[in-house]
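Results of the structural survey
Below, each chain spelled out in residue letters.
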Amino acid sequence: MRKVSIENVECGTKIAKNVISSDGTVLLAAGMLMQNEYKRRLNANGITDLFIEDDISSGIEIPDVVKQEIRTEAKALIKDMVNKTTIPVNINSSKVLELVEKIIESILSNDQIIFSLSDIRSVDDYTFEHSINVCIISLIIGMSIDLDENKLKELGVGSLLHDIGKLFINDEILKKPDKLTFDEFEQIKKHSVYGFDILKSNNDIAMSSAYIALGHHERVDGSGYPMKLKGDNIHQSARIVAIADVYDALTSERVYRTRQKPHEVVDYIVSLSGKQFDEELVNAFVRCIAHYPIGSGVVLSSNERGIVTRFNKSIPNRPVVRVVIDENGEMLVKHKELDLSENNSLYIVDVWEM
Ligand SMILES: [Fe+2]
């Protein structure tokens, strides 16, 4: 299977994975054949991509780091919390912890713990999907630096709820499609402190989880907010979530800007390593994030084009690629698999929008 944008899918193409709407209903089921009416249905739900199965992608399996059911459950839980806002905010901490334990278990059941943007997201559901992705990415980073079970759980809870303070920020500012004014940005910045207050007042939530809400916009060079803390003065879990938060935000489609490609965002974060982001944690992040997601198209330095079929965990920017178009632009009848970790003369020069 491979991931394509809906406008590029021809009618009659087989859909490879269920497409789920924001409320958890199946909009399209795996195995259905694309029709124009389905495209309209997906557009109306803010969905821009989907997985298809065709000749060039047959046999490519795209793993879910966290099972779809758990994602749906997480989304429902967060939505419920947000919708039933009372003051003081009532967080169902036992449910949150239960969910975090399921997410950890689900990640650990993968043989290769690596994060790949393999899910289909709706623009409308940004807040919920973002919380879940930040939680998953943070946990993967936490696992790769060998945090113990307790610390992982606290990291999971804090990262899932890192933006809970936005409940107290005016929706018009949060969803504003234009550039924010100075005053509006000052308002938004307060969500860190609001979130800290909400989490620390809940006795079942660890202080380290509350420090994530407080410190996820701090930067190790002191350029962040709210307290302009530097280096190790920022809680380690908050330094992890800072990376996960920026990665997921920039790779997501938003009302005010288009998404950036995963490898570009990885490069951006690496360029700020030791400046805005903790160097050691950026190194851990780079080891466990797919620069080119499985099922995505790439252009090689040989001018051949292909689809990523597998990661090389040791060299995440050199995956295994199934070449389907040769250097002259001709479709190959017989595809060939190239392991870029074994072909040092070849490298990826661009993303192929299929
Ligand atoms: Fe935030």
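Residues numbered from 1 in each chain as written. Predicted model: local features only at pLDDT ≥ 70, side-chain atom pairs only at ≥ 80, totals over all residues.

1. Here's the deal with the domain arrangement of the protein
By domain assignment, the protein separates into domain 1 (2-53), domain 2 (68-287) and domain 3 (297-352). For domain 2 and domain 3, the distance between their C-alpha centres works out to 33 Å. Each partner contributes to the interface: domain 2 provides six residues, whereas domain 3 provides five residues. A breakdown of the residues in the side of domain 2 that touches domain 3 according to their chemical character gives two nonpolar, two polar and two charged. (Domains from an automatic or database assignment. Contact = placed C-beta atoms within 7 Å. Nonpolar A, V, L, I, M, F, W, Y, C, P; charged D, E, K, R; others polar.)

2. Quick notes on the nonpolar core
With 85 residues, the main nonpolar core has Ile-103, Ile-136, Leu-139, Ile-141, Ile-243 and Ile-269 as its most contacted residues. For this core, the element with the most residues is helix 4 (residues 126-144), which contributes nine residues. Residue contacts for Ile-141: discarding those within four places in its chain leaves Ile-240, Ile-243, Ala-244, Leu-281, Ala-284, Phe-285 and Cys-288. (Core = buried A, V, L, I, M, F, W, Y, C linked by C-beta atoms within 7 Å. Buried ≥ 20, exposed ≤ 12 C-beta atoms within 10 Å, placed from the backbone. Helix = DSSP H or I, 4+ residues; strand = E, 2+ residues; numbered from the N terminus.)

3. As for the packing of helix 8 (residues 191-200) against helix 9 (residues 207-215)
As a packed pair, helix 8 and helix 9 sit with axes 7 Å apart at the nearest point and diverge in direction by 165°. Here helix 8 lies roughly antiparallel to helix 9, going by the angle between them. Note that helix 8 runs across helix 9; the crossing there is right-handed. Together, Ser-192, Val-193, Gly-195, Phe-196, Leu-199 and Lys-200 of helix 8 and Met-207, Ser-209, Ala-210, Ala-213 and Leu-214 of helix 9 make up the contact between the two elements. Its residues assigned to classes, the contact of helix 8 with helix 9 shows seven nonpolar, three polar and one charged. (Axes fitted to C-alpha atoms, helices over the stretch in contact; angles between N-to-C directions. Parallel < 35°, antiparallel > 145°, perpendicular 65-115°, else oblique. Left-handed = near helix turned anticlockwise from the far one by under 90°.)

4. Focus: unusual backbone geometry
With omega at 10°, the peptide bond leading from Tyr-225 into Pro-226 counts as cis. Residues other than glycine seldom take positive phi values, yet Asp-146 does so here, at roughly 60°. Its location among the elements puts Asp-146 in the loop between helix 4 and helix 5 (149-160).

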